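# Coordinate analysis (summary)
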Amino acid sequence: MIEKFGVVQLERKGKGKYSVDILNEGTCSKVINFHRSFPMYERTPLRDMKHLAEQLGLGGVYVKDESYRFNLNAFKVLGGSYAIGNFLANKLNSDIKDMPYERLVSDEVKKELGELVFVTATDGNHGRGVAWTANQLQQKSVVYMPRGSSLERLENIRAEGAEAYITDLNYDEAVRLANRMAEENGWIMVQDTAWEGYESIPTWIIQGYSTMGYEAIDQLSELKADIPTHIFLQAGVGSMAASVAGMFAAIYKENKPIITIVEPNKADCLYRTAEANDGKLRFVSGSMDTIMAGLACGEPCTIGWNILESYAENFLSCPDYVAAKGMRMLGNPPNGDTRIISGESGAATLGCVAELMTNKDLTYIKEKLGLDKNSKVLLFSTEGDTDKNSYKDIVWDGKYPSFK
Ligand SMILES: Cc1ncc(COP(=O)(O)O)c(C=O)c1O
């Protein structure tokens, strides 16, 4: 599907059939306690975009700004750090609750573990998080990026001491390369997606992301805001979306918000899987040349899909211009709202919601999703300007305008 909006409402064959126990409140508080032990930990802001909500005809728009996460400009480090923490805790016959930052980075632990190499494939953000964590632990990392990856993102990964390369492969092929290198060299594969036989690390990664949702729940309650009626979640392989959807389902049960997954047209593997709805995953292959680099993934995460199949109501396939529009809107919100620097993958959901609310041709989708003046919408701006040149091209020079 090219340059069009597509919507699929999942006809459930068993609502809530997948247990979200991996994201229950006990686990989520264990995860956030691990992250709180990092000296650079600070809650990222949750912005109440009151005026924007009013302009769009919504009851509320709340945006979590992950550009502040650990000074890394994206949420991804939450997953990689928690997975590596658990992996090492297991290796040392310990529990993650006994492995706070101070112990993880201690000389004593380094001595016990010896030299390790962590390897991954990434469009940028996940690799930076893995490289950063390895660096904190004084361990090595190797990172493979898909063709066309941004040089700025490559340099940011190298700045964490990683050996990093832009390959000639697409994202899913780069994942297979990383896996082969891990097997051949005895390296530890830290991938943010699961497949049959590779599930422990991605489960920890999904759990690791829950800190973002957990903080948001606290912040909404501090704002005395109601539970959101809708959450829009951008997806590459679907691990992040599964983390937030699963966590809200585990905590709020039948009162959970309506979950809508947003993907670029050119990499809409979850949308296609939902459309087929026959229990089999659908893949997208080829170059997947969307501006939403973090979402350019063609093969769904198996564990993530199990959660989304049970707890996400809607799947949207969107053109690239929605991401550009979201970046411009968040960077220049109505007077009185706080500005958010959001990158292509971070801003996709706001751009999409704005289109649904204002583009008459899309009224039928707005109605299907039940969006109106009573809707309280929660969004996650999952990255800042992780590619500054592209940010300028889009926000200053108006690249990727919206066509009506
Ligand atoms: C900024 C950003 N947002 C969202 C995502 C999507 O996460 P997932 O691949 O788990 O669906 C990514 C993935 O790399 C990302 O970098």
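Residues numbered from 1 in each chain as written. Predicted model: local features only at pLDDT ≥ 70, side-chain atom pairs only at ≥ 80, totals over all residues. Heavy atoms only, no water.

## Some thoughts on the packing of aromatic side chains
Scanning the model with the defined rule gives twelve aromatic pairs in all. Ring centres of Phe 38 and Tyr 101 lie 4.9 Å apart, and the angle between their planes is 50°; on these two criteria the pair is classed as tilted. One end of the pair, Phe 38, is in the loop between α1 (25-36) and β2 (46-48); the other, Tyr 101, is in helix α4 (residues 101-104), and 63 residues separate them in sequence. The same class applies to Phe 38 as to Tyr 101, namely buried. Ring centres 5.4 Å apart and planes at 45° place the aromatic pair Phe 70 and Trp 132 in the tilted group. (Phe/Tyr/Trp six-rings, centres within 6.5 Å; stacked < 30°, edge-to-face > 60°. Helix = DSSP H or I, 4+ residues; strand = E, 2+ residues; numbered from the N terminus. Buried < 20%, exposed > 50% of the residue type's maximum accessible area, 1.4 Å probe, protein only.)

## Focus on the domain arrangement of the chain
Domain parsing of the chain yields domain 1 (6-75 + 201-395) and domain 2 (77-196). Between domain 1 and domain 2, the contact holds 49 residues from the first and 41 residues from the second. For the pair domain 1 and domain 2, the summed buried area comes to about 3,500 Å², and 62% of that belongs to carbon and sulfur atoms. Taken as a group, Phe 34, Leu 72 and Trp 204 account for 21% of the area that domain 1 buries against domain 2, more than any other trio of residues on that side. For the pair domain 1 and domain 2, the interface holds four salt bridges. Counting the contacts that link domain 1 with domain 2 gives 16 residue pairs in polar contact (both at pLDDT 80 or more). Put simply, the parts of the chain that give the side of domain 1 that touches domain 2 at least two residues each are α1, α9 (200-222), α12 (302-311) and α16 (388-395). Looking at which element gives the most residues to the side of domain 1 that touches domain 2, the answer is α9, with nine residues. Across the side of domain 1 that touches domain 2, the residue classes break down as 24 nonpolar, 16 polar and nine charged. (Domains from an automatic or database assignment. Contact = heavy atoms within 4.5 Å. Buried area = accessible area lost by both parts, 1.4 Å probe. Salt bridge = Lys/Arg side-chain N within 4 Å of Asp/Glu carboxyl O. Polar contact = N/O pair within 3.5 Å; in protein donor to acceptor, adjacent residues only side chain to side chain. Nonpolar A, V, L, I, M, F, W, Y, C, P; charged D, E, K, R; others polar.)

## Looking at the sheet that holds strand β4 (residues 117-121)
On the basis of which strands lie adjacent, the open sheet formed by four strands has the order β6-β5-β4-β7 and parallel pairing. The open sheet is flanked by β6 (163-166) and β7 (188-189), the only strands paired with a single partner. Its contacts with the sheet place helix α8 (residues 171-185) against β4, β5 (140-145) and β7, and it is angled at close to 160° to β4. (Pairing = 2+ DSSP bridges. Axes fitted to C-alpha atoms, helices over the stretch in contact; angles between N-to-C directions.)

## Let's talk about unusual backbone geometry
Among all residues save glycine, negative phi is the norm, and among peptide bonds the norm is trans. For Asn 93, which is not glycine, the phi dihedral falls at a positive 50°. Locating Asn 93 in the fold gives a position in the loop between α3 (77-91) and α4. Take Asn 93: its relative accessible area is 76%, and that puts it in the exposed class. Notably, Lys 224 is not glycine yet its phi reads approximately 55°, a positive angle. Structurally, Lys 224 is set in the loop between α9 and β8 (230-234). In this structure Lys 224 comes out as exposed when scored by relative accessible area, which is 74%.

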